[in-house]
Amino acid sequence: MGLFDALLGRSKPVKPDLDQLFGLPSAAVTLEAGAGFRPTGVGSVCFAAVEGGAFAEVQQDVRALLDLDTGQGGVPVESTRDAYGYTWLVARHPADDMPALVGDLHAVNSALESHGFGPQLLCSLAAFRDDSGRPLALVYLYKRGTFYPLCVRPGEQKRDNALELQVAGLLGNDLRVEEDLTRWFPLWGAPGMGD
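Notes on the structure in this doc start here. (Residues numbered from 1 in each chain as written. Predicted model: local features only at pLDDT ≥ 70, side-chain atom pairs only at ≥ 80, totals over all residues. Heavy atoms only, no water.)

**Points about the overall build of the chain**
How we decide: Where helices and strands are cited, they refer to DSSP runs of H or I of at least four residues and of E of at least two residues respectively, numbered from the N terminus. Classification of residues uses two cut-offs on accessible area relative to the type maximum, computed with a 1.4 Å probe and protein chains only: under 20% is buried, over 50% is exposed, and between them is partly exposed. Contacts are assigned to residue pairs with any non-hydrogen atoms lying within 4.5 Å of each other. Methods summary: accessible areas were calculated by the Shrake-Rupley approach with a probe of 1.4 Å, and residue burial reflects only the protein chains presented.
Counting its secondary structure elements, the chain contains five helices and six strands. Each helix and strand of the chain, placed in order from N terminus to C terminus, yields the pattern α-α-β-α-β-β-α-β-β-β-α. In the chain, which comprises 195 residues, the proportion classed as buried is 42%. Sequence-distant contacts, at least 24 apart, represent 66% of the contacts inside the chain between residues at least 6 apart. Of the roughly 9,900 Å² that the chain leaves accessible, carbon and sulfur atoms contribute 54%.

**Some details on the pattern of salt bridges**
What counts is decided by this rule: Within this document, salt bridges are pairs made up of a side-chain nitrogen of Lys or Arg and a carboxyl oxygen of Asp or Glu, the two lying within 4 Å of each other.
As enumerated under the stated definition, the model contains six salt bridges in all. Between Glu178 and Arg144 there is a salt bridge, with its nearest N and O atoms 2.9 Å apart. Residue Glu178 is found in the segment after helix 5 (161-170), and its partner Arg144 is found in the loop between strand 5 (135-141) and strand 6 (146-151); the two are separated by 34 residues along the sequence.

**Considerations on helix 5**
Stated precisely, the cut-off is as follows: The arc in question is the one traced by the directions running from the helix axis out to the C-beta atoms.
Along helix 5, the residues classified as buried are Leu163, Glu164, Val167 and Ala168. Buried positions in helix 5, seen along its axis, are confined to an arc of 140° and lie on one side of it. Opposite the buried face of helix 5, at more than 90 degrees from it, the exposed residues are Ala162 and Gly169. Its buried side turned inward, helix 5 meets helix 2 (24-35), strand 5 and strand 6.

**Let's talk about the environment of Arg144**
A relative accessible area of 26% means that Arg144 is categorised as partly exposed. Residues Arg144 and Arg176 lie 32 residues apart in sequence; the distance between their C-alpha atoms is 9.9 Å.

**Thoughts on the packing of aromatic side chains**
As a reminder of what qualifies: Only rings of Phe, Tyr and Trp enter the pairing, Trp through its six-membered ring, and a pair is recorded when the two centres are within 6.5 Å. The plane angle decides the type: under 30 degrees is stacked, over 60 is edge-to-face, the rest tilted.
According to the stated counting rule, one finds two aromatic pairs in the structure shown. Aromatic side chains Tyr140 and Phe147 sit 5.1 Å apart centroid to centroid with 55° between the ring planes, which places their arrangement in the tilted category. A single burial state applies to Tyr140 and to Phe147, both of which are buried.

**Overview of the nonpolar core**
Here is the rule: For our purposes a nonpolar core is just a set of buried Ala, Val, Leu, Ile, Met, Phe, Trp, Tyr and Cys residues, chained together by side-chain atoms within 4.5 Å.
Leu21, Leu24, Leu31, Phe128, Leu136 and Leu138 are the most contacted members of the largest nonpolar core, which has 36 residues in total. Ranked by residue count, the leading element in this core is helix 4 (residues 98-114), at seven residues. With residues near it in sequence (within four places) discarded, Phe128 still touches Ala28, Leu31, Phe37, Arg38, Pro39, Thr40, Met98, Arg134, Pro135, Leu136 and Leu138. Judged by nonpolar contacts, the second largest core, of 17 residues, contains Val42, Trp88, Tyr148 and Trp184.

**Re the packing of helix 2 against helix 5**
Short version of the rule: For helices, the axis comes from a line fit to the C-alpha atoms of the stretch in contact; other axes are also lines fit to C-alpha atoms, and the angle between any two N-to-C directions lies between 0 and 180 degrees. For this classification, under 35 degrees means roughly parallel, over 145 means roughly antiparallel, 65 to 115 means roughly perpendicular, and everything else is oblique. Note: crossing handedness is left-handed where the near helix turns anticlockwise from the far helix by less than a right angle, and right-handed where it turns clockwise. As a working rule, the residues Ala, Val, Leu, Ile, Met, Phe, Trp, Tyr, Cys and Pro are called nonpolar, Asp, Glu, Lys and Arg charged, and the rest polar, with Gly in that last group.
At a minimum axis distance of 10 Å, the contact between helix 2 and helix 5 shows a crossing angle of 125°. Between helix 2 and helix 5, the crossing angle belongs to the class labelled oblique. Here helix 2 runs over helix 5; the crossing is right-handed. Contact residues: helix 2 offers Thr30, Leu31, Gly34 and Ala35, while helix 5 offers Gln166, Val167 and Leu170. Split into classes, the residues belonging to the contact of helix 2 with helix 5 amount to four nonpolar, three polar and no charged.

**Here we look at the sheet that holds strand 4 (residues 121-129)**
Which entries qualify depends on this criterion: A pair of strands is treated as paired once DSSP finds two or more bridges between them.
Here we have six strands laid out as an open sheet, ordered 2-3-1-4-5-6, and antiparallel in their pairing. Looking at which strands have only one partner, the edges of the open sheet turn out to be strand 2 (78-81) and strand 6. Ignoring strand direction, the axes of neighbouring strands in this sheet form an average angle of 25°. Where strand 1 (residues 38-47) lies against strand 4, seven bridges are found, and the strand directions are antiparallel. Paired with Arg38 across the bridge in strand 4 is Arg129.

Below, the structure written as structure tokens:
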């Protein structure tokens, strides 16, 4: 960062740290013990797809890699587009196998990043649910290297902000929680939140 950047109030963007994803299994234990939310086994990676053969090839290679376990009973990776035109790769694992889910999320992010498509990565999420059926996601913001909790009220486009703040307080020792609350985006209709 140069002198003019400092004078104009610009700051260097945070470098993504995909290894932060490996904190999710311990966060899942903390979340279950402290708030009663358990993993659903669903996770997804959101990115802005670009036109061109190189991007399509990388996306196809990632799906092929993640689908290698389908012969042993694994669930194939799904690809969906949301109402805003973003692409989501959705991985499903047994609810008690958070490390495998995290491995898939890390693999997708790493593959896109290593092929030069890091700027297209938006976020990754791991889905949770409590005994009353309330959904919760731990969302990893790729460009910030941080997490935030997303608690959507079932059947509504409303968030439970009090619960989000409670969960963020619980997970402060497990994950790097995003401090700027304006970056806690709602992600309406994100894959895994309604499953």
